[in-house]
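Residue-level structural notes
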Amino acid sequence: MHIKMTSKNLLGAFLFAISFFYTSPQLVLATSHSGSITRHYKFDIKLVNVRRLCHTKSIVTVNGKFPGPRIVVREGDRLLVKVVNHVPNNITLHWHGVRQLGSGWSDGPSYITQCPIKTGQSYVYNFTIVGQRGTLFWHAHFSWLRATLYGPLILLPTRNQSYPFQKPYKEVPILFGEWWNADPEAVIAQALQTGAGPNVSDAYTINGLPGPLYNCSKDTYKLKVKPGKTYLLRLINAALNDELFFTIANHTLIVVEADASYVKPFESDTILLGPGQTTNVLLKTKPDYPNSNFFMLARPYFTGMGTFDNSTVAGILEYTKPYNNHRNITNLPIIKPSLPSINDTNFVANFSSKFLSLNSPKYPANVPKTIDKNFFFTVGLGTSPCPKNQTCQGPNNSSKFAASMNNESFALPSIALLQQHYFSGQAKNASYTTDFPVIPLRPFNYTGTPPNNTLVSNGTKTVVIPYNTRVQVVLQDTSILGAESHPLHLHGFNFFVVGQGFGNFNDSSDPAKFNLIDPVERNTVAVPSGGWVAIRFLADNPGVWLMHCHFDVHLSWGLRMAWIVEDGKLPNQKLPPPPKDLPKC
């Protein structure tokens with residue numbers, strides 16, 4: 001049948017094509033000569049009613065999905081993600097773990113690299129995946145909106161490149177999150193007002209589903225597998241405030257990647273993921289159909305003093321039968337695994353020590369062997385004084401909870417730091433200073449008896465470092481209000497974890513034990529409870545980069561600081577100008 005293409009037909013076809021581009025997010029819109037492509041996504045931030053645990057509530061979503069849509073990209077590809085805000089909340093999105101080389105304006109932390117996208121406004125995040133492959137994720141970086149705004153970011157190798165491990169039969173993203181019957185924004189607002197610790201979540205979730213172990217919960221994630229196959233599970237901890245143990249009954253997992261960096265493979269029945277951490281594991285299924293199903297369980301690792309969601313989320317690993325098998329498989333028993341105890345710090349230390357870089361000719365571990373700048377940061381909780389004529393519910397019912405690095409609790413500015421840095425630097429009207437302490441101003445026995453004075457200082461302080469500086473940071477936990485593990489995330493860089501231990505870091509003896517051969521490369525590392533961790537990175541990315549605890553409650557209390565990396569001398573070593581659609585404050 002012949003159709004005459006009138007101008008009206010052409011317009012309709014054009015509009016259909018545009019709508020198809022945006023509803024088919026992996027459609028290629030442009031191809032470069034190098035084989036890398038540009039991928040366009042459209043993220044509509046909208047409210048949707050979702051029901052869990054017999055509660056229906058309106059939540060903030062991307063494109064109406066919880067968890068949000070999957071982004072798939074290859075190493076070397078360019079991503080253009082148009083975010084349109086249709087909700088009353090301010091919004092920013094962070095592409096967790098993406099290096100953002102030369103694209104600092106697209107990193108996303110609110111009031112650090114950008115002002116929020118306001119209601120009715122939009123912003124296009126524009127960046128290229130450079131030298132990374134594996135699993136990352138995207139999430140909101142404004143207040144506690146990450147509770148529902150998150151999704152997988154899958155970085156495939158360049159075409160014709162294989163994995164450095166057995167090719168899986170299938171790849172499956174598994175996202176751990178939390179469900180709140182209350183509005184998480186109201187929860188943190190109340191906590192900041194009263195100074196108390198916030199209420200905890202009502203359930204953990206696997207791919208948005210709480211599982212059968214919770215009251216009034218029929219929503220269970222089921223991973224259906226075939227026998228004799230190898231599956232790549234892309235594990236992502238998107239929970240707000242909890243490190244999580246994960247295991248599958250009667251199955252062993254092989255760890256092959258962490259934070260989008262390949263590691264030397266090792267087996268483990270249990271995986272630990274801090275919030276913000278991602279881990280790829282191989283699951284080898286049983287050779288024959290078992291006469292049972294298997295629970296996949298996750299529950300928290302916690303050593304702090306406060307309250308936490310002490311519950312367990314369950315999914316089910318289910319072996320599918322061929323169509324010609326008529327045996328009854330509806331009432332198979334479900335085998336339940338065991339998990340480490342809630343505060344099993346020894347397991348955590350042993351598990352963490354197994355992560356090592358491949359350090360192969362193809363994937364070298366380019367850890368800085370010598371250091372230009374050495375920093376020592378304490379991390380932990382403290383207090384802020386209760387405002388006059390107000391009753392506070394923090395420590396001793398006379399103060400507010402606070403969190404700090406080197407006793408500095410970071411206050412967000414009203415104009416994004418990257419904007420201030422680019423346009424005026426240290427002009428008189430800048431709302432930040434560059435005197436963040438490189439060592440604690442008042443040393444004490446960090447993991448011993450806490451000091452009497454628990455008050456923190458408040459300010460917007462940064463550290464300025466020249467381009468290509470080789471940096472070492474020792475992160476030391478403190479026991480001021482109880483020792484606790486802190487998952488520290490660095491924006492804009494991967495870093496090498498060269499050492500860790502318990503107690504106070506010893507500058508004389510501990511560096512001799514550092515691993516400078518094949519240390520693991522990460523973007524988020526847990527500072528051990530009652531211990532320390534040492535990291536190194538090359539400051540080869542000009543801009544302003546946040547470093548913070550990935551417990552959102554600690555982030556809200558101020559456990560963060562910012563690095564300002566100065567421009568280099570060459571054109572490609574300089575921060576480019578901001579995009580025209582950069583949100584205004």
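Everything discussed here concerns the structure shown above.
Residues numbered from 1 in each chain as written. Predicted model: local features only at pLDDT ≥ 70, side-chain atom pairs only at ≥ 80, totals over all residues. Heavy atoms only, no water.

1. Regarding the sheet that holds strand β26 (residues 462-465)
- An order of β26-β34-β33-β28-β31 is seen for the 5 strands of this open sheet, with the pairing classed as mixed. Edge strands, defined here as strands with exactly one partner in the open sheet, are β26 and β31 (524-527). The average angle at which neighbouring strand axes cross in this sheet is 20 degrees, direction not considered.
- Bridging between β26 and strand β34 (residues 560-565) involves 4 bridges; their strand directions are parallel. Following the sheet pairing, Ile-465 is matched in β34 by Val-565. (Pairing = 2+ DSSP bridges. Helix = DSSP H or I, 4+ residues; strand = E, 2+ residues; numbered from the N terminus. Axes fitted to C-alpha atoms, helices over the stretch in contact; angles between N-to-C directions.)

2. Some details on the packing of aromatic side chains
- Applying the stated criterion across every chain yields a total of 38 aromatic pairs.
- Centre to centre, the rings of Phe-245 and Phe-347 are 5.7 Å apart; their planes meet at 70 degrees, and the pair counts as edge-to-face. Here Phe-347 lies in helix α3 (residues 345-352) and Phe-245 lies in strand β14 (residues 243-248), a separation of 102 residues in the sequence.
- Using a relative accessible area of 0% as the deciding quantity, one classes Phe-245 as buried.
- Relative accessible area serves as the criterion here: at 22%, Phe-347 is assigned to the partly exposed category.
- Put simply, the rings of Tyr-41, Phe-43, Trp-95, Tyr-123, Tyr-125, Phe-127 and Trp-138 pair up and form one aromatic cluster.
- Over the ring of Trp-179 we find Lys-57, and its NZ or CZ is 4.9 Å from the ring centre.
- Lying across the ring of Phe-355, Arg-522 places its NZ or CZ 5.1 Å from the centre. (Phe/Tyr/Trp six-rings, centres within 6.5 Å; stacked < 30°, edge-to-face > 60°. Buried < 20%, exposed > 50% of the residue type's maximum accessible area, 1.4 Å probe, protein only. Lys NZ or Arg CZ within 6 Å of the ring centre and 35° of its normal.)

3. A look at empty space enclosed by the protein
- Scanning the entire structure with this criterion turns up 2 cavities of 30 Å³ or more.
- There is about 60 Å³ of room inside the largest cavity.
- Taken together, His-139, Ala-140, His-141, Phe-142, Ser-143, Arg-146, His-548, His-550, Asp-552 and Leu-555 form the lining of the largest cavity.
- Among the secondary structure elements, those contributing two or more residues to the lining of the largest cavity are β8 (134-140) and α5 (552-556).
- Tallied by class, residues from the lining of the largest cavity come to 3 nonpolar, 5 polar and 2 charged.
- Every residue along the wall of the second largest cavity is listed here: Asn-241, Glu-243, Tyr-301, Phe-302, Thr-303, Gly-304, Glu-484, Ser-485 and Phe-551.
- Of the residues belonging to the lining of the second largest cavity, the class tally is 3 nonpolar, 4 polar and 2 charged. (1 Å grid on protein atoms, 1.4 Å probe; cavity = no way out; pocket = protein on both sides within 12 Å on 5 of 7 lines; lining within 4 Å. Points joined across faces, edges and corners; volume = space filled by probe spheres on them. Nonpolar A, V, L, I, M, F, W, Y, C, P; charged D, E, K, R; others polar.)

4. Description of the pattern of salt bridges
- Enumeration according to the criterion identifies 13 salt bridges in this entry.
- We note a salt bridge from Arg-133 to Glu-75, for which the minimum N-O separation is 3.0 Å. Here Arg-133 is found in the loop between β7 (122-128) and β8, whereas its partner Glu-75 is found in the loop between β4 (71-74) and β5 (78-85), with 58 residues between them in sequence.
- Looking at Glu-75, the relative accessible area reads 17%, which means it is buried.
- Residue Asp-518 pairs with Lys-264 through a salt bridge whose shortest N-O separation is 2.9 Å. With Asp-518 in the loop between β29 (495-502) and β30 (520-522) and Lys-264 in strand β16 (residues 261-268), this pair connects stretches of sequence that are 254 residues apart.
- Taking the relative accessible area as the measure of exposure, Asp-518 reaches 13% and is therefore buried. (Salt bridge = Lys/Arg side-chain N within 4 Å of Asp/Glu carboxyl O.)

5. Notes on the nonpolar core
- Within the largest apolar cluster, 96 residues are counted, with the highest numbers of intra-cluster contacts made by Leu-233, Leu-475 and Trp-563.
- Of all the elements, strand β19 (residues 293-301) adds the most residues to this core, at 6 residues.
- Formed by 54 residues, the second largest nonpolar core is a distinct cluster that contains Phe-43, Val-87, Tyr-111 and Phe-127. (Core = buried A, V, L, I, M, F, W, Y, C linked by side-chain atoms within 4.5 Å.)

6. A closer look at the state of the cysteines
- Throughout the structure, instances matching the rule amount to 3 disulfides.
- Paired through a disulfide, Cys-54 and Cys-216 show a sulfur-sulfur distance of 1.4 Å. Residue Cys-54 is found in the loop between β2 (37-52) and β3 (55-62), and its partner Cys-216 is found in the loop between β11 (203-206) and β12 (222-225); the two are separated by 162 residues along the sequence.
- Given a relative accessible area of 39%, Cys-54 falls into the partly exposed group.
- By relative accessible area, which is 44% here, Cys-216 ends up partly exposed.
- Through a disulfide, Cys-115 is tied to Cys-585; the S-S separation comes to 1.6 Å. Negative torsions about the S-S bond denote left-handed disulfides, and the value of about -75 degrees found for Cys-115 with Cys-585 makes this one left-handed. A residue pair is termed long-range when its members are at least 10 positions apart, and Cys-115 in the loop between β6 (93-96) and β7 and Cys-585 in the segment after β34 qualify at 470 residues.
- Residue classification places Cys-115 among the buried positions, given a relative accessible area of 0%. (Disulfide = S-S within 2.5 Å.)

In short, shape yes, function no, at least from these values alone.
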